[in-house]
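# Notes for the structure review
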Amino acid sequence: MTAHDDTHAATAERAWGQLREIVLGGNERRKEVVDALGMSFFRIKALRRIARGPLTLRELAEQLLTDRPYATLVVDDLAARGLVERTANPADRRSKIVSVTPAGKETAARAERILGTPPPALLALPAEDLAELERITSRLAGHGS
């Protein structure tokens, strides 16, 4: 590895650390959505996944990187809140399909609005910096060339 490669890698590590701090460090939106909806962030994450389309408990557990018993516990809580419902899976009677209710759809949309609100520091950037940041993050996300 050359000195240039070392410098490039070190710069990438610093940039990655700063991106992680921006997204994960303050968690202001995460705390805001938890406070607004009165449930854990994990339950909000589960609801947002279910709101994208019906899932089996197995699929939900896989998407949330958790086990099925915990996914069942989370779905039980969301169902008790009137946010999701279970129905028989026509493809496999032994499993259930979890779908969002109208109240769950609105709650998930509210979560998306809160989580999608940019932090004040981002809104305060000059237009040209914001455009450059969008260009860079689009490339990082694989949306640009």
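Scope of this entry: the structure provided in the associated data block. What you see is a predicted model, and the numbers here were worked out from it, not measured in a lab.

### A short note on the packing of aromatic side chains
Inspection of every chain in the model, using the stated rule, returns 1 aromatic pair. Look at Phe-42 and Tyr-70: their rings are 5.3 Å apart centre to centre, the planes differ by 50 degrees, and that puts the pair in the tilted class. Pair noted here: Phe-42 is in helix α3 (residues 41-52) and Tyr-70 is in helix α5 (residues 68-80), with a separation of 28 residues, a long-range link.

### Examining the packing of α3 against α5
Their axes nearest at 10 Å, the elements α3 and α5 cross at an angle of 85 degrees. Here α3 is positioned roughly perpendicular relative to α5, judged by the angle of their axes. Where α3 approaches α5, its residues Phe-42, Arg-43, Ala-46, Leu-47 and Ile-50 are matched on the opposing element by Tyr-70, Leu-73, Val-74, Val-75, Asp-77 and Leu-78. The class makeup of the residues in the contact of α3 with α5 is 9 nonpolar, no polar and 2 charged.

### Considerations on the pattern of salt bridges
Counting across every chain of the model gives 10 salt bridges. Residue Arg-29 pairs with Glu-32 through a salt bridge whose shortest N-O separation is 3.0 Å. Pair noted here: Arg-29 and Glu-32 are both in helix α2 (residues 28-37), with a separation of 3 residues, about one helical turn. Among the ionic pairs, Arg-86 bridges to Asp-76, the shortest N-O distance being 2.4 Å. Note that Arg-86 is positioned in strand β2 (residues 84-88) and Asp-76 in helix α5, a separation of 10 residues in sequence. Its relative accessible area of 37% is what places Asp-76 among the partly exposed residues. Because the salt bridges share partners, they merge into one network encompassing Glu-28, Arg-29 and Glu-32.

### Some thoughts on the sheet that holds strand β1 (residues 55-56)
Spatially, the 3 strands line up as an open sheet ordered β1-β3-β2, and their pairing is antiparallel. Two strands lie at the open edges of the sheet, namely β1 and β2, each paired on one side alone. As judged from the 2 bridges shared by β1 and strand β3 (residues 96-100), these two strands associate in the antiparallel manner. Counted as the bridge partner of Thr-56 is Ile-97 from β3. Against the sheet, α5 contacts β2 and β3, and its axis sits at roughly 115 degrees relative to β2.

### As for a nonpolar patch on the surface
On the surface, Trp-16, Leu-19, Ile-22, Val-23, Leu-24, Ile-136 and Leu-140 cluster together into a nonpolar patch covering about 740 Å² of accessible area. Of all the secondary structure elements, the ones that give two or more residues to the nonpolar patch are α1 (3-25) and α8 (127-140). In terms of residue count, α1 provides more of the nonpolar patch than any other element does, 5 residues in total. The exposure class of Val-23 is exposed, given its relative accessible area of 59%.

### Remarks on the nonpolar core
Ile-50 and Leu-78 are the most contacted members of the largest nonpolar core, which has 21 residues in total. At the level of elements, α2, α3, α4 (57-64), α5 and α6 (102-115) are the ones that each hand at least two residues to this core. Ile-50 has contacts with Leu-55, Leu-60, Val-75, Leu-78, Val-84, Val-98, Ser-99 and Val-100, leaving out every residue within four places of it along the chain.

Scoring rules and cut-offs
Residues numbered from 1 in each chain as written. Predicted model: local features only at pLDDT ≥ 70, side-chain atom pairs only at ≥ 80, totals over all residues. Heavy atoms only, no water. Phe/Tyr/Trp six-rings, centres within 6.5 Å; stacked < 30°, edge-to-face > 60°. Helix = DSSP H or I, 4+ residues; strand = E, 2+ residues; numbered from the N terminus. Axes fitted to C-alpha atoms, helices over the stretch in contact; angles between N-to-C directions. Parallel < 35°, antiparallel > 145°, perpendicular 65-115°, else oblique. Contact = heavy atoms within 4.5 Å. Nonpolar A, V, L, I, M, F, W, Y, C, P; charged D, E, K, R; others polar. Salt bridge = Lys/Arg side-chain N within 4 Å of Asp/Glu carboxyl O. Buried < 20%, exposed > 50% of the residue type's maximum accessible area, 1.4 Å probe, protein only. Pairing = 2+ DSSP bridges. Patch = residues over 30% accessible without salt bridge, like charges linked within 9 Å, V, L, I, M, F, W, Y side chains within 5 Å. Areas by Shrake-Rupley, 256 points an atom, 1.4 Å probe, with all protein chains shown as cover. Core = buried A, V, L, I, M, F, W, Y, C linked by side-chain atoms within 4.5 Å.

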